Amino acid sequence: MSTDMAPLQAVLFDMDGTLIDSEKLWSIGLVEVADELGGSLSAETRASMVGKDLVSSVRMLMADLGVTGEPAVVQRLLVSAMAREFANALEWRPGAEDLLKAVRAAGLRTGLVTSTHRNLTSVALETIGRDNFDIIVCGDDVAHTKPHPEPYRKALRELDVTADATVAIEDSPAGSTSARTAGIATLVVPLEVPVEPAPLLTIRPSLVGVTVADLQALLLGR
Ligand SMILES: [Mg+2]
């Protein structure tokens, strides 16, 4: 454990379930598409989709329903269902908007690191603000999506910051694994599914009352 603490330079935010309460909207969109395909999605499969990318989610949905055919067709159905939900019903998670504003006001660099593809992310950014982020890494920008560390490594490279001067904020097991295996201290605010304790993870019930000083303190002892 080091007694020196690097100054916090950057904060990387997951989107779905962390900044915005979109996992509920994903649940609605998935039910709609399962219905269109003439089946119903199991709770187990839905839970294991949280934090995964679109292509994986479509594959899991089709397998769960026993549907064969062209994944691209199912993917289009899901994207249009989600674009409707995102445009109509997107809400911040408690404390998320205040923390994002505080991080910007403190002059820290920010990145959005999401498994969601760029077309849907663009719809969500109408609510959360494109200008709040210096860089945006989407699910279709990487070869390996969360839980692989590639999305977070790409974000560090694009911001030109090191992992030890950066904090990530996540809600899911897949997202937390991605961030911490990229070497980033991660604040986890679980939403749909619990996240097990692990090195570099700090688990809190929500972002309400979380300050920039709290994020800086996550770099202590790493
Ligand atoms: Mg998430």
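Definitions and limits used
Residues numbered from 1 in each chain as written. Predicted model: local features only at pLDDT ≥ 70, side-chain atom pairs only at ≥ 80, totals over all residues. Heavy atoms only, no water. Core = buried A, V, L, I, M, F, W, Y, C linked by side-chain atoms within 4.5 Å. Buried < 20%, exposed > 50% of the residue type's maximum accessible area, 1.4 Å probe, protein only. Helix = DSSP H or I, 4+ residues; strand = E, 2+ residues; numbered from the N terminus. Domains from an automatic or database assignment. Contact = heavy atoms within 4.5 Å. Salt bridge = Lys/Arg side-chain N within 4 Å of Asp/Glu carboxyl O.

Colleague: Sorry, what's going on with the nonpolar core here?
Modeller: The tendency in soluble globular proteins is for nonpolar side chains to be buried as a group. With 48 residues, the main nonpolar core has Phe13, Leu61, Phe86, Leu112, Phe133, Ile169 and Leu215 as its most contacted residues. Elements represented by at least two residues in this core include exactly strand S1 (10-13), helix H1 (23-36), helix H3 (54-65), helix H4 (71-89), helix H5 (96-105), helix H6 (118-128), strand S4 (166-170) and strand S5 (185-188). Sort the elements by how many residues they give to this core and H4 lands first, with 6 residues. Two domains each put at least three residues into this core: domain 1 (10-21 + 91-217) and domain 2 (23-89). Contact partners of phenylalanine 13, with chain neighbours within four places excluded, come to Leu19, Leu99, Leu100, Val103, Thr110, Gly111, Leu112, Val113, Phe133 and Ile169.

Colleague: I keep staring at the pattern of salt bridges and nothing clicks. Help me out?
Modeller: Oppositely charged side chains can form a pair if their charged atoms are brought close together. Counting across every chain of the model gives 10 salt bridges. For the salt bridge of arginine 118 with aspartate 141, the shortest nitrogen-to-oxygen distance reads 2.6 Å. Note that arginine 118 is positioned in helix H6 and aspartate 141 in the loop between strand S3 (135-137) and helix H7 (150-159), a separation of 23 residues in sequence. Of the residues examined, arginine 118 reaches a relative accessible area of 35% and is grouped as partly exposed. In this structure aspartate 141 comes out as partly exposed when scored by relative accessible area, which is 29%. Of the charged contacts, one joins lysine 146 and glutamate 170 as a salt bridge, the two residues approaching to 2.8 Å between their closest N and O atoms.

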